[in-house]
Amino acid sequence: MKAIVCKKYGGPNTLVLDDAPSLTPAKGQVLIAVSACGVNFPDTLIIEGKYQFKPAPPFTPGGEVAGVVLAIGEGVKHHKVGDAVFALTSWGGFAEEVLAPAHQTFPIPPGMDFVTASSMMYTYGTSYHALKDRAALQPGETILVLGAAGGVGLAAVQLAVLMGATVIAAASSDEKLAVCRTHGAAHTVNYLTENLKEKVKELTNGKGVDVVYDPVGDVFAEPAIRSMAWKGRYLVVGFAGGEIPKIPLNLMLLKGCAVMGVFWGQFATLEPQQSMKNFVDIVRWIAAGKLRQHIHKIYELADAPQALQDLADRRVVGKAIVQVATEVTMPAQPVALKVEAVETTDDDVRKVGNGLIFKNLAALKSFQGKSIGTSNWQEVTQGMINDFAKATLDFQWIHTDEARAKAESPFGQTIAHGFLTLCLSPVFMYELLRVESAKLSLNYGTNKVRFITPVPSGSKVRMSAILKSVDDMESGGVRTIVEATIELHGSDRPACVAELISVIRE
Ligand SMILES: NC(=O)c1ccc[n+]([C@@H]2O[C@H](COP(=O)([O-])OP(=O)(O)OC[C@H]3O[C@@H](n4cnc5c(N)ncnc54)[C@H](OP(=O)(O)O)[C@@H]3O)[C@@H](O)[C@H]2O)c1
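What counts, and at which threshold
- Residues numbered from 1 in each chain as written.
- Predicted model: local features only at pLDDT ≥ 70, side-chain atom pairs only at ≥ 80, totals over all residues.
- Helix = DSSP H or I, 4+ residues; strand = E, 2+ residues; numbered from the N terminus.
- Buried ≥ 20, exposed ≤ 12 C-beta atoms within 10 Å, placed from the backbone.
- Contact = placed C-beta atoms within 7 Å.
- Core = buried A, V, L, I, M, F, W, Y, C linked by C-beta atoms within 7 Å.
- Domains from an automatic or database assignment.
- Nonpolar A, V, L, I, M, F, W, Y, C, P; charged D, E, K, R; others polar.
- Near = placed C-beta within 6 Å.
- Pairing = 2+ DSSP bridges.
- Axes fitted to C-alpha atoms, helices over the stretch in contact; angles between N-to-C directions.
- Parallel < 35°, antiparallel > 145°, perpendicular 65-115°, else oblique.
- Left-handed = near helix turned anticlockwise from the far one by under 90°.

Trainee: Go over the overall build of the protein, please, and point to the residues and values.
Mentor: Scanning the protein for helices and strands turns up 17 helices and 24 strands. Burial analysis of the protein (506 residues in total) assigns 45% to the buried set. Long-range contacts, defined here as pairs at least 24 residues apart, represent 69% of the contacts in the protein between residues at least 6 apart.

Trainee: Run through unusual backbone geometry, naming residues and quoting values.
Mentor: The omega torsion of the bond from Pro-57 to Pro-58 falls at 0 degrees, within 30 degrees of zero and hence cis. Residue placement: Pro-58 occurs in the loop between helix H1 (41–46) and strand S4 (64–72). One non-glycine residue, Ser-90, adopts positive backbone phi at about 70 degrees. Position of Ser-90 among the secondary structure elements: in the loop between strand S5 (84–88) and strand S6 (97–101). The exposure class of Ser-90 is buried, given the 20 C-beta atoms found within 10 Å.

Trainee: Can you break down the nonpolar core residue by residue, with the values?
Mentor: Among the nonpolar cores identified, the biggest contains 108 residues, and Ile-32, Val-145, Ala-148, Ala-169, Ala-170 and Val-322 are the most heavily contacted of them. Among the elements that line this core, the one with the most residues is strand S3 (residues 29–39), at eight residues. Looking at which domains feed residues into this core, each of domain 1 (2–119 + 293–323) and domain 2 (123–266) supplies at least three. Among all residues touching Ile-32, those that are not within four sequence positions of it are Val-65, Gly-67, Val-68, Val-69, Leu-70, Val-85, Ala-87, Glu-97, Val-98 and Ala-100. Within the second largest apolar cluster, 40 residues are counted, among which are Phe-358, Ile-385, Leu-432 and Phe-451.

Trainee: I'd like to hear about the domain arrangement of the protein, residue by residue, with values.
Mentor: What the domain assignment lists for the protein is domain 1 (2–119 + 293–323), domain 2 (123–266) and domain 3 (349–505). Just the C-alpha atoms count here: the centres of domain 1 and domain 3 sit 36 Å apart. Between domain 1 and domain 3, the contact holds seven residues from the first and 11 residues from the second. Taken together, the residues of the side of domain 1 that touches domain 3 break down into five nonpolar, two polar and no charged.

Trainee: So what's going on with the environment of Thr-126? Which residues, and what values?
Mentor: In this structure, Thr-126 sits in helix H3 (residues 121–134). Those residues within four positions of Thr-126 in sequence are excluded, and the remaining contacts are Val-152, Val-237, Val-262 and Trp-264.

Trainee: Outline the site of the ligand, listing residues and values.
Mentor: Within the structure, the ligand sits among 29 residues, and Gly-147, Gly-150, Gly-151, Ala-171 and Gly-238 are positioned closest to it. Going through the elements one at a time, H1, H3, helix H4 (151–162) and helix H9 (264–270) are the ones with two or more residues in the shell around the ligand. For the shell around the ligand, the per-class residue count stands at 16 nonpolar, 11 polar and two charged. Counting contributing residues per domain, the shell around the ligand is built from domain 1 (2–119 + 293–323) and domain 2 (123–266), each supplying no fewer than three.

Trainee: Any chance you could break down H3 for me, citing the residues and the numbers?
Mentor: Within an α-helix, residues lying three or four positions from one another point in the same direction, as the helix has 3.6 residues per turn. In terms of burial, H3 is a largely internal element, 12 of the 14 residues being buried. Considered for burial, the residues of H3 that qualify are Met-121, Tyr-122, Thr-123, Tyr-124, Gly-125, Thr-126, Ser-127, Tyr-128, His-129, Ala-130, Leu-131 and Arg-134.

Trainee: Got a sec to walk through the sheet that holds strand S16 (residues 349–352)? Specific residues and values, please.
Mentor: In a beta sheet, neighbouring strands pair by backbone hydrogen bonds and run either parallel or antiparallel. With respect to topology, three strands assemble into an open sheet ordered S16-S17-S20, the strand pairing being mixed. Edge positions in the open sheet fall to S16 and strand S20 (433–435), since each of these has one partner strand only. Put simply, the sheet's adjacent strands are angled 20 degrees from each other on average, direction ignored. Here four bridges tie S16 to strand S17 (residues 355–358), and the two strands are oriented antiparallel to one another.

Trainee: Quick rundown of the packing of H3 against H4? Include the residues and the values.
Mentor: Packing of H3 against H4 brings their axes to within 8 Å, and their N-to-C directions diverge by 55 degrees. Relative to H4, the element H3 is oriented oblique. The chirality of how H3 crosses H4 is right-handed. Residues Thr-123, Tyr-124, Thr-126, Ser-127, Tyr-128, Ala-130 and Leu-131 of H3 pack against Gly-151, Val-152, Ala-155, Ala-156, Leu-159 and Ala-160 of H4. Looking at the contact of H3 with H4, its residues break down into nine nonpolar, four polar and no charged.

Trainee: Provide a residue-level description of the packing of H3 against helix H10 (residues 272–287), including the pertinent values.
Mentor: Contact pair H3 / H10: the axes reach a minimum separation of 10 Å and the direction vectors enclose 110 degrees. Judged by the angle between their axes, H3 and H10 are roughly perpendicular. Touching Tyr-124, Gly-125, Tyr-128, His-129, Lys-132 and Asp-133 of H3 are Gln-274, Asn-278, Phe-279, Asp-281 and Ile-282, all from H10. Of the residues in the contact of H3 with H10, the class split is four nonpolar, four polar and three charged.

Trainee: Go over the sheet that holds strand S13 (residues 258–261), please, and point to the residues and values.
Mentor: Read across the sheet, six strands follow the order S10-S9-S8-S11-S12-S13 without closing on themselves; strand pairing throughout is parallel. The strands lining the two open edges of the sheet, one partner per strand, are strand S10 (187–190) and S13. For this sheet, the mean angle separating the axes of adjacent strands, direction not counted, is 20 degrees. In this sheet, strand S11 (residues 209–214) lies alongside strand S8 (residues 142–145) in parallel orientation, the contact comprising three bridges. By the bridge assignment for S11, Ile-143 is matched with Val-211. Contacting S8, strand S9 (166–171) and S11, H4 runs over the sheet at an angle of about 170 degrees to S8.

And the structure:
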């Protein structure tokens, strides 16, 4: 597989695109075919050996990916081959394949594309944790965001606006500040050409700001603290400017203010449930169109070093993404069968509605390898999901508890059991295929079942099918295999694929 490789610690220009060995998931790991990988500031530090994690060269940078599960390691229960997922990998993401810890891998919500999925955890996760869990930002408060056009900075601007705060965005160029205004900043300060402290004082009528969000540090930290209101909260997020500032403690005394550290990775590890709740909010806002990542540029895999150089040179506004593959599908896996039904006027095979009526088994045999069409849409209601839970005793809250699913599920609502979706296949089969001479027809089994995209309650599914084979059985009659794709309305990925095996006797 192709990968960007750091052979010895150094700047982005020392990285090379190379062939790397294929990977095998160990216990608790997931192997992902990478579609997209977000570019983050720590990537620029990791390759120089200056970050808190120091992988030994040779290694591949890239810590935030979205793609499709290729294989799972021992003990992995919540992911399966073919799942569309996003994951935190620390490094390894600028490659065609990456290994991720299963507990840091999550299903991509229905309707979300790979680029969005590869760009939301790190920036929105950090900034929401900072604003909500640390500063407890309140509607009507005023917040100063430094580095406001950067990855976490612009996320903080968007989230603070959503939380009802007035945002003062500070950045190094007027172009960057214009972008901050389009994302809701009420006021802007160019901290390279204007006096930060004086401008904030003027914008707040001398009161100062309630909260400072600081991912830059360096020379901007002290004037930002001096711009704070009485009892303000100062969020220490990062030091993109280079220097870790040393602030005289008397400033905190005089302001009665709090300095709050923000360490999102540690928060997600130590408080996973709270972190998951934050993600539910973020995903819901993205789905509702209230949050939209500002994508600076999508780079090809070979240009990942340039993406890192642009980030280090302060040229990136919002988020840079490396797209590894535009379409990631499972090898030898019929993920999306797009087939048209064969029109026929043959006496042996008649087309009625969406389906086909075969005169006898001989006519069915002659149809092997062809599409038998696409069914009507069928709604999957909460009532059906509840009935299925009663029949199978599978009452997991993600299926049946609408209030909890609304609050905690990454999909913002309940989803159907995978096997419920599959169990609709007889409904579709009756619509698509009938044999006039048949005296007995049995659903005999299934093969190669994959649940690919979750089906939220209230969504619609339908089946498209190919008659793969019709084989004589020793006991009489035939055994048919139908390749079925159960499509999910509004999604370009199917809900489920399977081979449906039937026995038909005349
Ligand atoms: N605490 C946590 O949990 C956490 C989580 C994520 C990120 N972080 C940290 O937050 C910081 C920002 O991360 P990010 O992904 O948002 O990075 P980013 O997209 O590169 O944004 C950083 C911003 O900092 C400003 N900056 C000032 N001096 C700079 C310099 N010498 N080099 C680069 N940028 C400079 C730039 O804006 P202007 O040009 O407008 O000044 C830039 O837009 C990093 O230090 C990162 O490690 C911390």
